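Here is what each chain is made of, one letter per residue.
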Amino acid sequence: MSEDKKRILTGIRPTGALHLGHYAGALENWLRLQDEYDCFFLIADYQVSDKADDIDSVREAVREIALDWLAVGLDPERSHFVIESLIPEHAELTLWLSWWLPLGMLQRNPTLKAEMAELGSNSVPVAFFTYPVMQMANILMPKAHLVPVGEDQLPHIEMTREVARRFNRLFGEVFPEPEGLVGRVPRLVGLDGNAKMGKSLDNAIQLKDDAETVTKKVKGMFTDPTRLRATDPGHLEGNPVFMYHDAFNPDTDEVQDLKDRYVVGKVGDVEVKQKLANALNAFLDPIRERRAHYEARPELVREALAAGTSHAKRIAEQTMAEVRSALRLNYLE
Ligand code: TRP
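Since the structure is predicted, the reported quantities are computational estimates derived from the model, not experimental observations. (Residues numbered from 1 in each chain as written. Predicted model: local features only at pLDDT ≥ 70, side-chain atom pairs only at ≥ 80, totals over all residues. Heavy atoms only, no water.)

**Section: the pattern of salt bridges**
Between side chains of opposite charge, pairing is possible as soon as their charged atoms come close. Condition: Here, a salt bridge means any side-chain nitrogen of Lys or Arg that lies within 4 Å of a carboxyl oxygen of Asp or Glu. Labels follow the DSSP assignment, with helices taken as runs of H or I lasting at least four residues and strands as runs of E lasting at least two, numbered in each case from the N terminus. Only protein chains enter the area calculation, which uses a 1.4 Å probe; residues under 20% of their type maximum are buried, those over 50% are exposed, and those in between are partly exposed.
On inspection of all chains with the given rule, the structure shows 27 salt bridges. With its nearest N and O atoms 2.5 Å apart, the salt bridge here joins glutamate 64 to arginine 291. Taken together, the residues glutamate 64 in helix α2 (residues 55-72) and arginine 291 in helix α12 (residues 269-295) connect sequence positions 227 residues apart. For glutamate 64, a relative accessible area of 8% corresponds to the buried category. Where glutamate 177 meets arginine 165, a salt bridge forms, and the shortest distance between an N and an O atom there is 2.8 Å. Taken as a pair, glutamate 177 in the loop between α8 (154-171) and β5 (179-182) and arginine 165 in helix α8 lie far apart in primary sequence, 12 residues in all. Residue classification places glutamate 177 among the partly exposed residues on the basis of a relative accessible area of 31%. Looking at arginine 165, the relative accessible area reads 28%, which means it is partly exposed. Among the ionic contacts, a cluster of salt bridges with common partners joins Arg161, Glu162, Arg165, Arg166, Glu177 and Glu179.

Pasting the structure below:
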């Protein structure tokens, strides 16, 4: 029974279709954890204030993400696909939690700081600054025990624990203190060697890319800049092509053989890349097939989102009843 299992909540911002970085850093873990935990997978559409001038793209991304989730094998029969804003309780809990979050703690949050600097501090919407508080509400709403996330999100989980502790100290044990869980590949580098793979950086392989696109992208990948000819000894460290081989090529003998020959200048980039493209396409093929299945059946995608959201809404109502009673908001009774 799913009711007896511990809960997971994790989320993603609807900014576009998902890529290999999402898979290695997050989705792979989510898939594995579906058996053991009662999972809530949230599309965080309250948390895209940086897309305020492009609501169409948010709507499109909600659909794309649901499709990607189904395509990789997340199972709406067992797990709950949730659209955040259809549960306005998130907004209320965000406000209450912000009572116990000191401004300085939010200002010092290293991930938020870096993101704000990237957006340019003066034009950052207030809602962007407070998104980690909304994220706390997401996590605490179903009383999640585990939050599988990218490594950059760990400071937010630390803050969630701190605020949950403060709340519990004042009002009794309402919330469990959640733990973060980072994926096998905490952060996949971009095709260009950039520390982060991102759609907006134009250095990503999307889960929905077709075979030809993947092959073309792999051909254009950054490798070892010091290596001019195939006979030059190459470097493996910091070389995105080999990082991807390690992350996605299940044929470890092939990968070892390529590495052995690469460092002594006995293999060309063309062969290394061709083998990577083959491995990635073999990995992506079943995902593409399932995606096509659901793309042709939009009512199944809609049903998955509707069922998950209404389940999560009922739980949110229960949690908020507890929170309101803990806060003694029963003024008129
Ligand atoms: N902020 C997260 C990210 O950018 C997405 C997210 C929203 C999330 N709500 C969450 C992650 C709750 C974990 C739990 O990746």
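**Side note on the packing of helix α3 (residues 89-97) against helix α13 (residues 298-326)**
Counted only if it meets this: Axis lines are fitted to C-alpha atoms, over the contacting stretch for helices. Their N-to-C directions set the angle, which ranges from 0 to 180 degrees. Angle categories: roughly parallel below 35 degrees, roughly antiparallel above 145, roughly perpendicular from 65 to 115, and oblique for all the rest. The handedness criterion is simple: a crossing whose near helix is rotated anticlockwise from the far helix by less than a right angle is left-handed, and one whose near helix is rotated clockwise is right-handed. By the convention used here, residues are in contact when the closest approach between their heavy atoms is within 4.5 Å.
At a minimum axis separation of 10 Å, α3 and α13 run at an interaxial angle of 30°. What the angle tells us is that α3 and α13 run roughly parallel. Crossing of α3 over α13 shows left-handed handedness. Here Glu89, Glu92, Leu93 and Trp96 of α3 come into contact with α13, specifically with Lys313, Ala316, Glu317, Met320, Val323 and Arg324.

**Looking at the side chain of lysine 259**
Within the secondary structure, lysine 259 sits in helix α11 (residues 252-263). What lysine 259 contacts, discounting residues up to four positions off in sequence, is Leu236, Phe242 and Asp246.

**Some thoughts on the site of the ligand**
As a reminder of what qualifies: In these notes, residues near a molecule or strand are those with any non-hydrogen atom within 4 Å of it. Contacts described as polar in this section are N or O atom pairs within 3.5 Å, which, within protein, must combine one atom able to donate a hydrogen with one able to accept it, while residues neighboring in sequence count only if both atoms come from side chains. Accessible surface area values rest on a Shrake-Rupley calculation with a 1.4 Å probe, where residue burial reflects the displayed protein chains alone.
Within the structure, the ligand sits among 14 residues, and Gly11, Gln47, Gln135, Asn138 and Gln153 are positioned closest to it. A distance of 2.8 Å separates a nitrogen atom of the ligand from a polar atom in the side chain of asparagine 138. Glutamine 153 places a side-chain nitrogen or oxygen 3.0 Å from a nitrogen atom of the ligand. For the ligand, the accessible surface in isolation is 370 Å², of which the surrounding protein chains cover 88%.

**Things to note about the domain arrangement of the protein**
To keep things clear, this is the line we draw: These domain limits were set by an automatic method or by a database of domain assignments. Note: buried area is the sum, over both parts, of the accessible area (probe 1.4 Å) each one loses when the two are combined.
Once the domains are mapped, the protein shows domain 1 (7-188 + 298-326) and domain 2 (211-291). Distance between the C-alpha centres of domain 1 and domain 2: 34 Å. At the junction of the two partners, domain 1 supplies 13 residues and domain 2 supplies 10 residues. Taken over both partners, the interface formed by domain 1 and domain 2 buries close to 980 Å², and the fraction arising from carbon and sulfur atoms is 67%. The three residues of domain 1 that bury the most area against domain 2 are Leu20, Ala71 and Leu188, which together make up 51% of that side's buried surface. For the pair domain 1 and domain 2, the interface holds two salt bridges.

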